[in-house]
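Descriptive structure summary
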Amino acid sequence: MNREGLDLLRQGAGELGLKIESQLPAFERLFELLQEGNTRLNLTALKTEEDIVLKHFVDSLTCLRGNYLEGSLSVLDLGTGAGFPTFPLALVRPELHFTPVDSTRKKIDFVRETAAQLGLDQVVPLVGRAEALGRDAEHREQYDRVVVRAVASLPVLAELALPLLREGGLLVAQKGDITAEELNAGRRAAGEVGGKVQVVDPFELPILGDARTLIIIEKLKPTSSKYPRREGLPTAQPLF
Ligand code: SAM
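No experiment lies behind these values; they were computed from the predicted model shown.

Rules used in this analysis
- Numbering of residues starts from 1 in every chain and runs along the sequence as written.
- A pLDDT threshold of at least 70 governs which residues receive local features in this predicted model, and a stricter bar of 80 or more applies before side-chain atom pairs are shown or counted, although totals over entire chains, interfaces and linings include all residues.
- Based on all heavy atoms of the structure, the side-chain values leave hydrogens and waters out of the count.
- Nearness is judged by heavy atoms alone; a residue qualifies as near a molecule or strand once a single heavy atom is within 4 Å of it.
- N or O atoms within 3.5 Å of each other form a polar contact, as long as, within protein, one can give a hydrogen and the other can take it, and as long as residues adjacent in sequence are counted only when both atoms are side-chain atoms.
- Computed by Shrake-Rupley with a 1.4 Å probe, the accessible areas treat only the displayed protein chains as cover when residues are assessed.
- Residues are sorted three ways: Asp, Glu, Lys and Arg are charged, Ala, Val, Leu, Ile, Met, Phe, Trp, Tyr, Cys and Pro are nonpolar, and all the rest, Gly among them, are polar.
- Using a 1.4 Å probe on the protein chains alone, a residue whose accessible area is under 20% of its type maximum counts as buried, one over 50% counts as exposed, and one in between counts as partly exposed.
- Think of it this way: any DSSP run of H or I at least four residues long counts as a helix, any run of E at least two long counts as a strand, and we number them from the N terminus.
- A pair of strands counts as paired when DSSP detects no fewer than two bridges linking them.
- Throughout, right-handed denotes a crossover for which the path from the first strand over the helix to the second runs clockwise when the strands point away from the viewer.
- Nonpolar cores were defined as sets of buried Ala, Val, Leu, Ile, Met, Phe, Trp, Tyr and Cys residues, with membership established by side-chain atoms within 4.5 Å.
- To define axes, lines are fitted to C-alpha atoms, for helices over the stretch in contact only, and angles between the resulting N-to-C directions are given on a 0 to 180 degree scale.
- The labels follow the angle: roughly parallel below 35 degrees, roughly antiparallel above 145, roughly perpendicular from 65 to 115, and oblique for the rest.
- The hand of a helix crossing depends on one turn: near helix anticlockwise from the far one by less than a right angle means left-handed, and clockwise means right-handed.
- Between two residues, a contact is recorded if the distance between any of their heavy atoms is within 4.5 Å.

**Some points on the site of the ligand**
Taken together, 16 residues form the shell around the ligand, and within it Gly-79, Phe-84, Asp-102, Ala-130 and Arg-149 come nearest. Between the ligand and Asp-102 there is a distance of 2.7 Å, counted from an oxygen atom to a side-chain nitrogen or oxygen. Within the side chain of Arg-129, one N or O atom sits 3.4 Å away from a nitrogen atom of the ligand. Isolated, the ligand exposes 600 Å² of accessible area, and the fraction of that covered by the protein chains is 77%. Split into classes, the residues belonging to the shell around the ligand amount to four nonpolar, seven polar and five charged.

Next up, the structure:
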């Protein structure tokens, strides 16, 4: 990463109240590995240094707003892709235990290799679909947090994520500028699967100013065994 990239990362993290000086070498290594991975596997559409720093690294760090990811929590990252938001979060919050999940094997292979290169033992990736994991006793109602960025609409996320959370657990969904319609559908879906939208926190991405919203859904009671429905249905026929 060149000096401009490092300055943007420092500044963006600083605007989020994070000091990441000691983690900068690890972010530089992550940047290199992502570029190598992109050449081989075409993992992400974001290719310029500024885009990767601001729209992957800083954008992922915004999941730390509101302090919902503090302490030694188990965190499932649903639809992690090339490892976002897992990697930036794992670098600045080493006490969190991450299970980044994706249905695409080549992406999870990349996440596994990258975690090993960065020495992140607390990141244990998994190939799979959220619908299947949500019905698997090894994963159902096992996680303190589910984090998700850029995967699906809020009602779909509620059906996929809430079965994976233990009671009292939180879905931390980082989204763009959410419409009132999607939010209402998300509220109804959350109720259907045992949860409640507790926080809607609109904010601007540091430096770029793009609209973002952090949505927190709390799991209040066990999810009915009807959910999640079989693979593909939550997206094809959202609950609301
Ligand atoms: N979260 C990453 C990010 O912010 O860069 C990746 C976002 S990418 C647009 C969405 C990812 O979610 C894809 O890699 C896709 O394979 C994965 N995905 C979508 N539906 C899924 C499901 N039901 N179970 C597991 N992974 C899923």
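The rest of the description comes next.
**Examining the pairing of strand 5 (residues 165–175)**
Most of strand 5 is tucked away: eight of the eleven residues are buried. Strand direction decides the pairing type here: strand 4 (residues 143–149) and strand 5, joined by six bridges, are parallel. Bridging across to strand 5, Arg-145 finds its partner in Leu-170. Regarding the hand of the β-α-β motif, the stretch spanning strand 4, helix 7 (residues 154–161) and strand 5 is right-handed.

**Quick word on unusual backbone geometry**
For the bond from Phe-84 to Pro-85, the omega torsion is 10°, close enough to zero to count as cis. Locating Pro-85 in the fold gives a position in the loop between strand 1 (74–78) and helix 4 (86–92). Within the chain, Glu-141 stands out as a residue other than glycine whose phi angle is a positive 55°. You can see Glu-141 is positioned in the loop between helix 6 (130–133) and strand 4.

**Side note on the nonpolar core**
In this structure, Leu-9, Phe-27, Phe-57 and Leu-69 are the most contacted members of the largest nonpolar core, which totals 47 residues. Those elements that place two or more of their residues in this core are helix 1 (3–15), helix 2 (24–41), helix 3 (49–61), helix 4, helix 5 (105–117), strand 5 and strand 7 (211–219).

**What about the packing of helix 7 against helix 8 (residues 180–192)?**
Two elements in contact, helix 7 and helix 8, have axes whose closest approach is 7 Å; the angle formed by their N-to-C orientations is 20°. By the criterion of interaxial angle, the relationship of helix 7 to helix 8 is roughly parallel. Like other packed secondary-structure pairs, helix 7 and helix 8 cross with a definite hand, here right-handed. Of the residues in helix 8, those in contact with Leu-154, Pro-155 and Ala-158 of helix 7 are Glu-182, Leu-183, Ala-185, Gly-186, Ala-189 and Ala-190. Residues of the contact of helix 7 with helix 8, tallied by class, amount to seven nonpolar, one polar and one charged.

**What to know about the side chain of Arg-145**
Residue placement: Arg-145 occurs in strand 4. In this structure the side chain of Arg-145 is engaged in a polar contact, spanning 2.6 Å, whose partner is the backbone oxygen of Tyr-68. For Arg-145, the residues in contact, after removing those within four places along its chain, are Tyr-68, Leu-69, Leu-73, Ser-74, Val-75, Leu-76, Leu-165, Gly-169, Leu-170 and Val-172.

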